[in-house]
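What follows is each chain in one-letter form.
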Amino acid sequence: MFEIGDKIVYPIHGAGVIVDIESKVILGEKKEYYVLKIPVNEMRVLVPVGSMDEVGVREIKTPQEMHEVLDVLKDPSKEDMPSNWNRRYRFHQDKIKTGDLKEIAKVIKNLESLDMEKSLSTGERKILNNARQIILSEMVLVYDKTFDEVVDIVDTTMKEGCLKDAGNA
């Protein structure tokens, strides 16, 4: 069981700090919830204490593990994606649902690259923003930096990958 002050990841929304534990009655059933404050958009999320494993809640990554995620963003190689936007949407949704930050980084890389070629659909733009929020929220906590600082880290890292890619062309 986690405690107030612990930094955890709720895969659907990203990483945050437990700021409180509350009892709530929802649909006639009293349950305990962690109140999670997510640094992106100062969002507050209730996470049911009893179903932590089911929803995939975990501790945040170490700085070394987060460096490996940045390496994925920096890697100039491109992943094969379905050409049909509907299949591509499901392909990326499935990667996000794994909760694996390296897979989520691939989603960001894929969609950012695609966005440079042509404008993303509204659905794909939403997936990209969600994937970025998941990674950025965890980076804020792992690196103890501001949101703007981690946005700069991610954007700079991705540009480095693009420059490598352009050099190979």
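The structure presented is a predicted model; accordingly, all values stated were derived computationally and were not measured.

Its 12 residues give helix 2 (residues 63–74) an end-to-end C-alpha distance of 16 Å, which sits within 8% of 16 Å, the value for a rise of 1.5 Å per residue. M66, V69, L70, V72 and L73 are the residues of helix 2 that are buried. Take helix 2 and look down its axis: the buried residues cluster within an arc of 150°, on one side only.

Looking now at the domain arrangement of the protein chain. If you check the domain split of the protein chain, you get domain 1 (6–59) and domain 2 (63–166). Taking only C-alpha atoms into account, the centre of domain 1 sits 24 Å from that of domain 2. In this assembly, 15 residues from domain 1 lie in contact with 11 residues from domain 2. The largest per-residue losses of area from domain 1 upon contact with domain 2 belong to P39, V40 and R58, which jointly make up 43% of the total buried on that side. Across the contact surface, domain 1 and domain 2 share one salt bridge. Inspection of the domain 1/domain 2 interface yields three residue pairs in polar contact (both at pLDDT 80 or more). Counting residues per element, the ones that place at least two in the side of domain 1 that touches domain 2 are strand 1 (7–10) and strand 2 (14–26). With four residues, strand 2 is the largest single contributor of residues to the side of domain 1 that touches domain 2. Here the residues of the side of domain 1 that touches domain 2 sort into nine nonpolar, four polar and two charged.

The next subject is the UniProt feature "domain: CarD-like/TRCF RNAP-interacting" (unreviewed entry) in the protein chain. The UniProt record annotates "domain: CarD-like/TRCF RNAP-interacting" (unreviewed entry) at residues 1–112. With 37% helix and 31% strand, residues 1–112 has its two end C-alpha atoms placed 37 Å apart.

Here the focus is the environment of D100. By the secondary structure assignment, D100 is in the loop between helix 3 (85–97) and helix 4 (101–117). Note: C-alpha distance between D100 and V69 (31 residues apart in sequence) is 9.6 Å.

Here the focus is the pairing of strand 2. Two elements, strand 1 and strand 2, share four bridges in a ladder whose sense is antiparallel. From the neighbouring strand, K7 faces strand 2, where its bridge partner is V17. The turn joining strand 1 and strand 2, which pair antiparallel and follow one another in sequence, is formed by three residues. Note that strand 2 and strand 3 (residues 29–38) share nine bridges and pair antiparallel. Bridge pairing in strand 3 links V17 to K37. A loop of two residues connects strand 2 with strand 3, the two strands running antiparallel in sequence, and L27 in this loop sits at a positive phi of about 55°.

Another aspect to go through is the packing of helix 2 against helix 4. Their axes nearest at 9 Å, the elements helix 2 and helix 4 cross at an angle of 30°. The orientation of helix 2 relative to helix 4 falls into the category roughly parallel. Crossing angle aside, the handedness with which helix 2 passes helix 4 is right-handed. Residues M66, E68, V69, V72 and L73 of helix 2 lie in contact with helix 4, whose contacting residues are L101, K102, A105, K106, I108 and K109. Taken together, the residues of the contact of helix 2 with helix 4 sort by class into seven nonpolar, no polar and four charged.

Bringing the pattern of salt bridges into the picture now. This model, assessed by the stated rule, comprises 12 salt bridges. For E138, the salt bridge identified is with R58, shortest N-O distance 2.9 Å. Of this pair, E138 sits in helix 5 (residues 122–143) while R58 sits in strand 5 (residues 58–59), and the two are 80 residues apart along the sequence. The burial state of E138 is the same as that of R58; both residues are buried. Bridged by salt links that share partners, the residues E79, K95, E103 and K106 form one connected network.

Definitions and cut-offs
Residues numbered from 1 in each chain as written. Predicted model: local features only at pLDDT ≥ 70, side-chain atom pairs only at ≥ 80, totals over all residues. Heavy atoms only, no water. Helix = DSSP H or I, 4+ residues; strand = E, 2+ residues; numbered from the N terminus. Expected span 1.5 Å × (residues − 1). Buried < 20%, exposed > 50% of the residue type's maximum accessible area, 1.4 Å probe, protein only. Arc of directions from axis to C-beta. Domains from an automatic or database assignment. Contact = heavy atoms within 4.5 Å. Buried area = accessible area lost by both parts, 1.4 Å probe. Salt bridge = Lys/Arg side-chain N within 4 Å of Asp/Glu carboxyl O. Polar contact = N/O pair within 3.5 Å; in protein donor to acceptor, adjacent residues only side chain to side chain. Nonpolar A, V, L, I, M, F, W, Y, C, P; charged D, E, K, R; others polar. UniProt positions renumbered as here; feature names shortened; annotations may be inferred. Pairing = 2+ DSSP bridges. Axes fitted to C-alpha atoms, helices over the stretch in contact; angles between N-to-C directions. Parallel < 35°, antiparallel > 145°, perpendicular 65-115°, else oblique. Left-handed = near helix turned anticlockwise from the far one by under 90°.

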